[in-house]
Amino acid sequence: MAKVSSVQKNILRSKMIKKFSDRRKSLKSKIRDKKITLEERITLQNKLNDLPRNSSSIRHRNRCELTGRSRGVYRKFGLSRIKIRELSMTGDLPGVVKSSW
């Protein structure tokens, strides 16, 4: 099990990402506009820098839904490799069977 504080911090980050995504997206599109002057671009960049760090989507970490493990997480299931193995062996993941050839 991962530390509860790490899991809670990641949940807080995902909420902040949703909250500030529109603002961040609009500022980035305005910065990329070639028609504005350099001074305007710098002021827009400063506004983007003033947004909270945790509102950036790059700071979100994929974690296992059951254990909170941050490494070896499959996006398709939202589970870590260890839990996928355990659940597939017990038959709790529908459609997943151990391969043999």
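To be clear, the structure that these remarks concern was listed above.
Now for a description of the structure that goes with this document. The shown structure was predicted, so the numbers you read here are calculated from the model rather than taken from an experiment. (Residues numbered from 1 in each chain as written. Predicted model: local features only at pLDDT ≥ 70, side-chain atom pairs only at ≥ 80, totals over all residues. Heavy atoms only, no water.)

**Points about the overall build of the protein chain**
Along its length, the protein chain carries 3 helices and 2 strands. Its helices and strands taken in sequence order, the protein chain reads α-α-β-β-α from the N to the C terminus. Relative to the globule expectation of 13 Å for 101 residues, the C-alpha radius of gyration of the protein chain, 20 Å, shows a markedly less compact shape. Each principal axis of the C-alpha atoms in the protein chain carries an extent, and together these give about 60 × 35 × 15 Å. Taking all 101 residues of the protein chain together, the buried fraction comes to 24%. The contacts of the protein chain with a sequence gap of at least 6 include a subset with a gap of at least 24, amounting to 38%. Per element, the accessible surface of the protein chain, about 8400 Å² overall, is 52% carbon and sulfur. Within the protein chain, one finds 28 positive and 8 negative side-chain charges whose respective centroids are separated by 7 Å. (Helix = DSSP H or I, 4+ residues; strand = E, 2+ residues; numbered from the N terminus. Rg over C-alpha atoms; globule rule 2.2 N^0.38 Å. Buried < 20%, exposed > 50% of the residue type's maximum accessible area, 1.4 Å probe, protein only. Contact = heavy atoms within 4.5 Å. Areas by Shrake-Rupley, 256 points an atom, 1.4 Å probe, with all protein chains shown as cover. Lys, Arg positive; Asp, Glu negative; His and termini not counted. Charge placed at Lys NZ, Arg CZ, Asp CG, Glu CD.)

**So, the nonpolar core**
Within the largest apolar cluster, 8 residues are counted, these being Met16, Phe20, Leu27, Ile31, Ile36, Leu44, Leu48 and Leu51. Mapped by element, the contributors of at least two residues to this core are helix 1 (4–32) and helix 2 (38–50). If you tally residues by element for this core, the top one is helix 1, at 4 residues. Filtering out sequence-adjacent residues up to four positions away, Met16 remains in contact with Pro52, Asn54 and Ser55. (Core = buried A, V, L, I, M, F, W, Y, C linked by side-chain atoms within 4.5 Å.)

**Comments concerning the pattern of salt bridges**
This model, assessed by the stated rule, comprises 1 salt bridge. For Glu86, the salt bridge is made with Lys83, and the minimal N-O distance between the two is 3.0 Å. Of this pair, Glu86 and Lys83 are both found in helix 3 (residues 81–90), 3 residues apart, which corresponds to roughly one turn of the helix. Residue classification places Lys83 among the partly exposed positions, given a relative accessible area of 23%. (Salt bridge = Lys/Arg side-chain N within 4 Å of Asp/Glu carboxyl O.)

**Points about the environment of Ser100**
By the secondary structure assignment, Ser100 is in the segment after helix 3. For the pair Ser100 and Thr37, spaced 63 residues apart in sequence, the C-alpha to C-alpha distance is 62 Å.

**Description of helix 1**
Helix length check: helix 1, at 29 residues, gives a terminal C-alpha distance of 39 Å against a target of 42 Å (1.5 Å per residue), a fit within 8%. Buried residues of helix 1: Asn10, Arg13, Met16, Ile17, Phe20, Arg24, Leu27 and Ile31, and no others. (Expected span 1.5 Å × (residues − 1).)

**Quick notes on the side chain of Arg24**
Relative to the assigned elements, Arg24 resides in helix 1. This buried residue, Arg24, is left without a salt bridge; Asp50 holds the nearest opposite charge, at 10 Å. When residues no more than four places from it in sequence are discounted, the contact partners of Arg24 are Leu48, Leu51, Pro52, Ser55 and Ser56.

**Side note on the environment of Lys18**
Along the chain, Lys18 falls in helix 1. For the pair Lys18 and Gly72, spaced 54 residues apart in the sequence, the C-alpha separation amounts to 25 Å.

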